[in-house]
Amino acid sequence: MHGDLNKFWVDEDKQGIFRRPRRTGGNGPWSGLWFSMRAQKIPPYINAKSGLVVMIRDPSALPIDRGMMVAKGTSGYIKVWGDKVIPTKRLIRVKPEKRHCLYPNEKTYLGRGYLRSNCLFNCYQRFMFHDCKCVPSFYYFHYEKDLPYPECNVEGLVCLAEHSLSFINIVARDKNLSSNLRCNCPGDCHSQKYQSNIVVLNETSRADQITIDVFFHRSTCFLYETDLVFDFMNALVGYGGVCGLFLGASLISAVEFINFMTFRLYDYWLNRRSRNKIIQRFIH
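Cut-offs used in this document
- Residues numbered from 1 in each chain as written.
- Predicted model: local features only at pLDDT ≥ 70, side-chain atom pairs only at ≥ 80, totals over all residues.
- Heavy atoms only, no water.
- UniProt positions renumbered as here; feature names shortened; annotations may be inferred.
- Helix = DSSP H or I, 4+ residues; strand = E, 2+ residues; numbered from the N terminus.
- Expected span 1.5 Å × (residues − 1).
- Buried < 20%, exposed > 50% of the residue type's maximum accessible area, 1.4 Å probe, protein only.
- Axes fitted to C-alpha atoms, helices over the stretch in contact; angles between N-to-C directions.
- Parallel < 35°, antiparallel > 145°, perpendicular 65-115°, else oblique.
- Contact = heavy atoms within 4.5 Å.
- Nonpolar A, V, L, I, M, F, W, Y, C, P; charged D, E, K, R; others polar.
- Arc of directions from axis to C-beta.
- Polar contact = N/O pair within 3.5 Å; in protein donor to acceptor, adjacent residues only side chain to side chain.
- Salt bridge = Lys/Arg side-chain N within 4 Å of Asp/Glu carboxyl O.

- Under Sequence similarities (unreviewed entry), UniProt gives the following word-for-word description of the protein chain: "Belongs to the amiloride-sensitive sodium channel (TC 1.A.6) family."

So this is what it looks like as structure tokens:
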């Protein structure tokens, strides 16, 4: 969790000076990011609310949600907690089409590793370009160097406003489109999910001031581990258990059955053949 990018911890060693954002290791009020700012004035002919939009997400995730709106003249706090999902080593060996999830190193979007939110972000870009032949740069200004689509002018922004309703559910919309526009976004095999809740306390001393305290709700998070429910060994053990329960069979019984149907029958056929030859010689 870090706020002002101009405030860094400075580490110095033989290789040089390294700057990294300040982070927190605690939880509770005043342990994370606290900031106070003034809201910008909005001209009267623009139909918009003056305030601040706060977006809390994984640092490697591209922004696709609308965030939390904090109106001017208010103060409050935002509690953050998260759940982490990690896979086992056995899951890595499974093909992506069978495990229905991807690892961050299996695909990249705008220089970021795979996350479902990054995949949906790419879908939004493709649909914007499909409908209006451009992408608004003011929303994706952090990734200007990687933008593969042209920047929207005034006509493009008007076009996006006219098609805004079609962007609400792009996953359902792409069913009737060509394959290169479909959003095939499986889940995340390895991810850190953040959830947040905003609480508005009271009004600030100034009408245009906003004061927010962002902190972790607790010092721990839930860790979920994904694993294979049934692999080959479990299937073999389960099959053997069912056969033993209902048929009274076991692995030894299966080996004996195979031995009887192959080697024993072949041995019986050889003995019978040699016996017939002896009888024929005795008759002659």
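The rest of the description comes next.
**Some thoughts on helix 3 (residues 116–132)**
Link 1 in the chain: Taking 1.5 Å of rise per residue, 17 residues should cover 24 Å, and helix 3 covers 24 Å from first to last C-alpha, within 8% of that figure.
Link 2 in the chain: Within helix 3, 13 of the 17 residues are buried, which leaves the element mostly enclosed by the surrounding structure.
Link 3 in the chain: Looking one or two residues past helix 3, Lys133 carries a phi angle of roughly 60 degrees, positive in sign.

**A few points about the packing of helix 3 against helix 4 (residues 154–162)**
Link 1 in the chain: Packing of helix 3 against helix 4 leaves a shortest axis separation of 10 Å and a crossing angle of 110 degrees. Classified by the angle between their axes, helix 3 and helix 4 sit roughly perpendicular to one another. Here Met128, Asp131 and Cys132 of helix 3 come into contact with helix 4, specifically with Gly156, Cys159 and Leu160.
Link 2 in the chain: The residue inventory of the contact of helix 3 with helix 4, partitioned by class, reads four nonpolar, one polar and one charged.

**A look at helix 4**
Link 1 in the chain: Taken together, the buried positions of helix 4 are occupied by Gly156, Cys159 and Leu160. For helix 4, the angular spread of the buried residues around the axis is 100 degrees, confining them to a single face. In helix 4, those exposed residues whose orientation departs by more than 90 degrees from the buried face are Val154, Glu155, Ala161 and Glu162.
Link 2 in the chain: Near the N-terminus of helix 4, the side chain that reaches the backbone nitrogen of Glu155, with its oxygen 3.2 Å away, is that of Asn153.

**Looking at unusual backbone geometry**
Glycine aside, a negative phi is what most residues show, and trans is what most peptide bonds show.
Link 1 in the chain: A positive phi is found at Trp30, a non-glycine position, where the angle reads about 65 degrees.
Link 2 in the chain: Here Trp30 is to be found in the loop between strand 2 (16–21) and strand 3 (33–38).

**A word on the pattern of salt bridges**
Link 1 in the chain: According to the stated counting rule, one finds four salt bridges in the structure shown.
Link 2 in the chain: A salt bridge links Glu106 to Arg99; the nearest nitrogen and oxygen atoms lie 2.7 Å apart.
Link 3 in the chain: Judged by its relative accessible area of 32%, Glu106 is partly exposed.
Link 4 in the chain: Take Arg99: its relative accessible area is 11%, and that puts it in the buried class.

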